[in-house]
Amino acid sequence: MSVSFLIELTVLILAAFLGVEVISKVPTLLHTPLMSGTNAIHGIVIVGAIIVAGIHGQPVWLRIVTLTAVALATGNVVGGFVVTDRMLEMFKRRKPTPTDEAEKPE
Amino acid sequence: MIALPLASISRTDWISLAYIVTIVCFILALRFLSDPAHARKGNWIGAFGMAVAIVATFFQPGLKNIASIIIVMAIAAPIGAYAARAVKMTAMPQMVALFNGVGGGAAALISLADFHERAPAPDRLALSTSIAVVLSALIGSISFMGSLVAFAKLQELIGGRPIQYPGQQYGNLGLIAVIAGLGIAIVAGYEHLWVLVVIIVLSLAFGALFVLPIGGADMPVVIALLNAFTGVATALTGFVLHQNVLIVSGMLVGASGTLLTLMMARAMGRSVANVLFGAFGTLQVTAAEVEAAGGAVRPTTPEDVAVMLAYGQRVVIVPGYGLAVAQAQHAVRELATELEKRGVDVKYAIHPVAGRMPGHMNVLLAEANVPYDQLKEMDEINPAFDQTDVALVIGANDVTNPAARSDTSSPIYGMPILNVDHAHNVVVLKRSMNPGFAGIDNPLFVDPKTVMLFGDAKASVEKLVSAVKSV
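Residues numbered from 1 in each chain as written. Chains lettered and ligands numbered in written order. Predicted model: local features only at pLDDT ≥ 70, side-chain atom pairs only at ≥ 80, totals over all residues.

Q: Help me out: how do you make sense of the overall build of chain B in this one?
A: Counting its regular elements, chain B contains 18 helices and six strands. With 471 residues in all, chain B has 52% of them scored as buried. Sequence-distant contacts in chain B: of pairs separated by 6 or more residues, those separated by 24 or more amount to 80%. (Helix = DSSP H or I, 4+ residues; strand = E, 2+ residues; numbered from the N terminus. Buried ≥ 20, exposed ≤ 12 C-beta atoms within 10 Å, placed from the backbone. Contact = placed C-beta atoms within 7 Å.)

Q: I keep staring at the packing of helix H8 (residues 219-241) of chain B against helix H9 (residues 244-267) of chain B and nothing clicks. Help me out?
A: All names here are of chain B. It is the contact of H8 with H9, at a shortest axis distance of 7 Å, that shows an interaxial angle of 160 degrees. Here H8 is positioned roughly antiparallel relative to H9, judged by the angle of their axes. Here H8 and H9 pass one another in a crossing that is left-handed. (Axes fitted to C-alpha atoms, helices over the stretch in contact; angles between N-to-C directions. Parallel < 35°, antiparallel > 145°, perpendicular 65-115°, else oblique. Left-handed = near helix turned anticlockwise from the far one by under 90°.)

Q: What am I meant to see in the interface of chain A and chain B here?
A: Often, the extent of an interface is quoted as the loss of accessible area on bringing the components together. With 79 residues of chain A in contact, the opposing surface of chain B contributes 97 residues. Of all the elements in the fold, those that place two or more residues in the side of chain A that touches chain B are helix H1 (3-23), helix H2 (31-42), helix H3 (45-53) and helix H4 (60-90) of chain A. With 27 residues, the single largest contributor to the side of chain A that touches chain B is H4(A).

Q: What's the story with the pairing of strand E4 (residues 390-394) of chain B in this structure? I'm lost.
A: Along a regular strand, successive side chains alternate from one face of the sheet to the other. Residues and elements named next belong to chain B. Counting buried residues in E4 gives five out of five residues, a clear majority hidden from the surface. A two-sided burial pattern is seen for E4, the buried positions comprising Val390, Leu392 and Ile394 on one face and Ala391 and Val393 on the other. Here five bridges tie strand E1 (residues 314-319) to E4, and the two strands are oriented parallel to one another. The partner of Ile317 across the bridge, within E4, is Leu392. Across five bridges, E4 lies against strand E5 (residues 425-430) in parallel orientation. By the bridge assignment, Leu392 is partnered in E5 with Val427. (Pairing = 2+ DSSP bridges.)

Q: How do you make sense of the packing of helix H1 (residues 11-32) of chain B against helix H2 (residues 39-57) of chain B when you look at a structure like this?
A: For any two helices packed against each other, one specifies the inter-axial angle together with the distance between the axes. All names here are of chain B. Relative orientation of the contacting elements H1 and H2 amounts to 165 degrees, with a least axis distance of 8 Å. Here H1 lies roughly antiparallel to H2, going by the angle between them. Considering the relative orientation of H1 and H2, their crossing is left-handed. Contacts between H1 and H2 involve Ile15, Ala18, Tyr19, Val21, Thr22, Cys25, Phe26, Leu28, Ala29, Arg31 and Phe32 from the former and Ala39, Lys41, Gly42, Asn43, Ile45, Gly46, Phe48, Gly49, Met50, Val52, Ala53 and Ala56 from the latter.

This is the structure in structure tokens:
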């Protein structure tokens, strides 16, 4: 096994643990935005799509394949972030009016 | 000023550094999601990180066809933005499924392109690379097709009922065995493009066959799982292309999807394997069971319920997906506002599987301007039912079924439920006396504390609003 592979594997495993740590702190309230937000994040495949679409001298069918990958990933990225923003914008705390505060038993 | 030895940092180093910025942004984006007050800011940080990565990628040495890539992106971006703007909040599960599929499809295509580039003759790939190529093509394709089928089910293009044929599980196992065999062939050195193409085609078929038998009510688990699949497929393309940014980002998503899958399965009181292979939707309740539970229900009128609510101290609203189907969210919000004006304490009890995806009900209520501090999750609200005067169940059924706690013969036994039956009074808004989505009868409906208000959820809640106003 090459050194670079072992480093990549280390990175993968650390990322898995980090992911579990960070995501277990997300309240159930926000699980739908979490899903659409992570959806946007896996849109990072766009980096891979651009790299393979930028390979010189591909046959036409492969050009179509790689540019399709770019299109899918772009839609994924833009749509993912926009829809997450739309959702998070809706989550509002109750406006604390003076009467409201007085009525609250807590 | 000290001259930094910037010349020693190569172009690829700069790109890698930019990718580290991206990784940090993504982690912060997820971190900010722990608090609804900052979550939106976090999403922007994530989007910024993505922009950094995209710009940096265009500086990759030897990158060609930049013009055509930019043109394709310029066409696809507005389509994605439009879809994201136009989608209704009730359709969010479909939307997320679609984006999952799209990401998985992209991952599979990247593997195919890279394999074509690097394996012109057999035995050219490092073992780790060929394994990653095969797995990302396989998982990406399953995710793509599985997500499209999930989308079609949720969008009701095809029926939500489980679709099954005899020997299905053996068929699927056989398919997986063939895919595995072909994958091993590639890894063992038979590096021909057609093998990978066949793997992709068979994985697409498997993705469809895998999701088709799963019923509509189990979709929260499936969507979360497909989310994990796409994340893992993305991480694997990172191994193919040697890009840490893909490995880390993909794995963060993989971890998130896996956690959500487990949480959703737990909220249904079932194992993930049972959800995926159990075909729960076909479970038949015998007529005898229904009759046994079918005691006397007490129908009531909006006026009676209005009095009960208006003179109560604490009211807990228990929304189910039926509320969203009837588009009654805004009417419910109006009812809560009327009650609060009278000094009634109103809260919402949200079961984890109240919608069609994790956290779905929260989004639907937030859209109707319900403040999020009124939305209480199951563990938080359950102890409060004992001090609740009225529990108002709207379009929810199985998640309030006390049989899940006590009746070992019930199909949903062991599923954590909202302890609605602990409230002093229970009002159930229901279209008719049909059993719930899972086809299971609910003893709550014949509880002496329970009254039933029959009719369309939206119409009933609107009647309640005007009745409360005139109390």
